[in-house]
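Commentary on secondary and tertiary structure
These are the residues of each chain, in order.
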Amino acid sequence: SKSDTKASMEYTQSTKQDPSDLFGVAEGKNLILVSMESTQNFVINTKVNGEEITPFLNSLIKDSFYFSNIYDQTAQGKTSDAEFMIDTGLYPLSSGSAFVRKPDNTYASLPHMLKRKNDYYAAVFHGNERTFWNREMMYESLGYDRYFSKRDYAVTEDNSINYGIKDIPFFEQTISHLEKIPQPFYTRLITLTNHFPFLLEEDDQFIDTASTDEDVVNRYVTTVRYEDEAIKTLFEKLKANGMYKNTVVVLYGDHYGISEKYEPGVFELLGQKDTPVNHAKLQQVPLIIHVPGEEPRTIDTIGGEIDIRATVLHLLGIDTKNALSFGHSLFTRNENHPVIFRDGDFITDKYIFQDNVCYNKKSEESVNDSFCDPFKETVRKELRMSDDILYGDLLRFLE
Ligand code: GP9
Ligand code: MN
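Here we summarise the structure given alongside this text. Along every chain, residues carry numbers that run from 1 in the direction the sequence is written. Chain labels run from A onward and ligand labels from 1 onward, assigned in the order the entries are written. The predicted nature of this model means local features are confined to residues of pLDDT at least 70 and side-chain atom pairs, given and counted, to a pLDDT of 80 or more, with totals for whole chains, interfaces and linings taken over all residues. Processing note: side-chain calculations cover all non-hydrogen atoms of the structure and skip hydrogens and water entirely.

Okay, the coordination of the manganese ion (ligand 2) next. Around the manganese ion (ligand 2), the protein contributes the donor atoms Glu 37 (OE), Glu 37 (OE), Thr 79 (OG1), Asp 254 (OD) and His 255 (NE2), which lie 2.1 to 2.4 Å from the metal centre. Water is not among the atoms examined, so metal sites may look incomplete; donors are the N, O and S atoms within 2.8 Å of the metal, or within 3.2 Å for Na, K and Ca. Any site counts as irregular unless it has four donors with all angles between 85 and 135 degrees, making it tetrahedral, or four or six donors with opposite ones more than 155 degrees apart and the rest between 65 and 115, making it square planar or octahedral. Its 6 donor atoms give the manganese ion (ligand 2) angles of 54 to 168° at the centre, a pattern that matches the irregular case.

What follows is the structure, encoded as structure tokens:
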């Protein structure tokens with residue numbers, strides 16, 4: 001009801017931080033989000049057979065904000081859950097995808113906010129069928145002006161693999177669409193090639209496969225390397241057409257690529273032990289934000305995908321105090337606030353609560369529950385409020 005909406009609003013307002021000196025530095029600029037399929041943070045600055053897995057991203061980080069402690073908070077809705085958190089600042093559902101189950105709700109989404117602030121044009125670009133994850137319907141509710149999907153791309157057998165068009169031709173064709181839409185724009189470009197089971201033709205392999213006991217991991221490094229090359233192409237084209245100087249680019253890994261079953265291969269690659277704490281840390285995804293003209297910085301604040309939206313709005317100079325969302329700007333996020341996972345697990349600056357066990361991050365030992373207990377009320381409260389908003393369609397009561 002209306003009073004639930006008010007109570008949630010009061011709660012989320014109470015957790016918000018004051019703005020930092022970066023508030024508004026990118027006001028009015030174009031915004032490009034790149035959803036990096038199945039890209040985990042461990043690939044950043046890691047070498048295989050002496051070669052970097054992500055040479056372009058590694059160099060981009062030296063000229064960007066790089067958030068090195070961001071966790072995958074998606075649930076069954078995978079890519080769509082990441083999109084959902086970024087556009088709404090709400091948690092995904094515990095089963096299914098909010099894109100599929102709640103497309104008729106009212107949302108106070110990122111496109112709506114940017115439209116109100118600076119008349120942004122909003123579009124999504126992706127090489128798959130428009131019905132996949134119910135995107136066509138959901139993007140309308142979220143306020144997008146246009147969804148450039150498979151039918152807007154020249155997709156051939158030659159330029160496709162696995163789920164569809166390969167990332168390099170995808171970005172090449174996306175650039176010509178981008179050049180035709182009004183500015184300022186808010187766009188999300190969703191990559192596809194680095195998707196399980198990580199297939200790649202030999203011509204597209206820029207590095208050799210790894211040689212762990214898990215073939216999935218061995219192939220994964222090559223498809224991530226291909227994706228990295230594709231992103232480099234995107235940046236080259238943005239520089240060539242002049243958009244680069246006037247565009248904020250946000251790159252994020254959407255969720256894990258290597259499921260728990262194959263994780264031993266990653267631990268072998270990284271020379272790490274297969275422990276609960278290392279498993280938890282493996283759930284980190286990269287988050288890189290390039291703002292033209294800003295000094296680079298690595299930010300080790302803990303956070304999750306739900307915080308991306310508030311961080312971006314902060315840079316664009318849009319106040320989120322009344323936005324009814326659960327994210328926090330990563331420039332000012334309170335280290336004490338837990339990063340909350342859909343199953344009730346959580347991570348704080350010192351502790352990890354996973355499968356009902358409390359771990360000390362540093363010692364990597366399990367510790368007494370009393371260390372994790374103080375956070376549990378916040379975790380329950382946020383997940384419950386977010387669910388109430390979705391099931392009760394409560395945002396329709398927002399002014
Ligand atoms: C499909 C792509 C991949 O369009 O977003 O989906 P995923 O399986 O990662 O959710
Ligand atoms: Mn995905």
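Secondary structure elements follow DSSP: runs of H or I no shorter than four residues count as helices, runs of E no shorter than two count as strands, and numbering proceeds from the N terminus. Looking at the secondary structure, you find Arg 219 in helix α8 (residues 215–240). Only protein chains enter the area calculation, which uses a 1.4 Å probe; residues under 20% of their type maximum are buried, those over 50% are exposed, and those in between are partly exposed. For Arg 219, a relative accessible area of 28% translates into the label partly exposed. Spatially, the C-alpha atom of Arg 219 lies 8.1 Å from that of Leu 200, the residues being 19 residues apart in sequence. Reaching out from Arg 219, the side chain makes a polar contact with the backbone oxygen of Pro 197 at a distance of 3.0 Å. Under this definition, polar contacts are N or O atom pairs within 3.5 Å; protein pairs additionally need one hydrogen-donor-capable and one acceptor-capable atom, and for neighbouring residues in sequence, both atoms have to be side-chain atoms.

This part takes up the sheet that holds strand β16 (residues 346–347). Strand pairing is assigned whenever DSSP identifies at least 2 bridges connecting the two strands. The 5 strands lie next to each other as β15-β16-β17-β18-β19, forming an open sheet whose pairing is antiparallel. Edge strands, defined here as strands with exactly one partner in the open sheet, are β15 (339–340) and β19 (366–367). Sheet analysis places strand β17 (residues 351–354) next to strand β18 (residues 357–360), joined by 4 bridges and oriented antiparallel. When the sheet's bridge partners are listed, Tyr 351 is paired in β18 with Asn 360.

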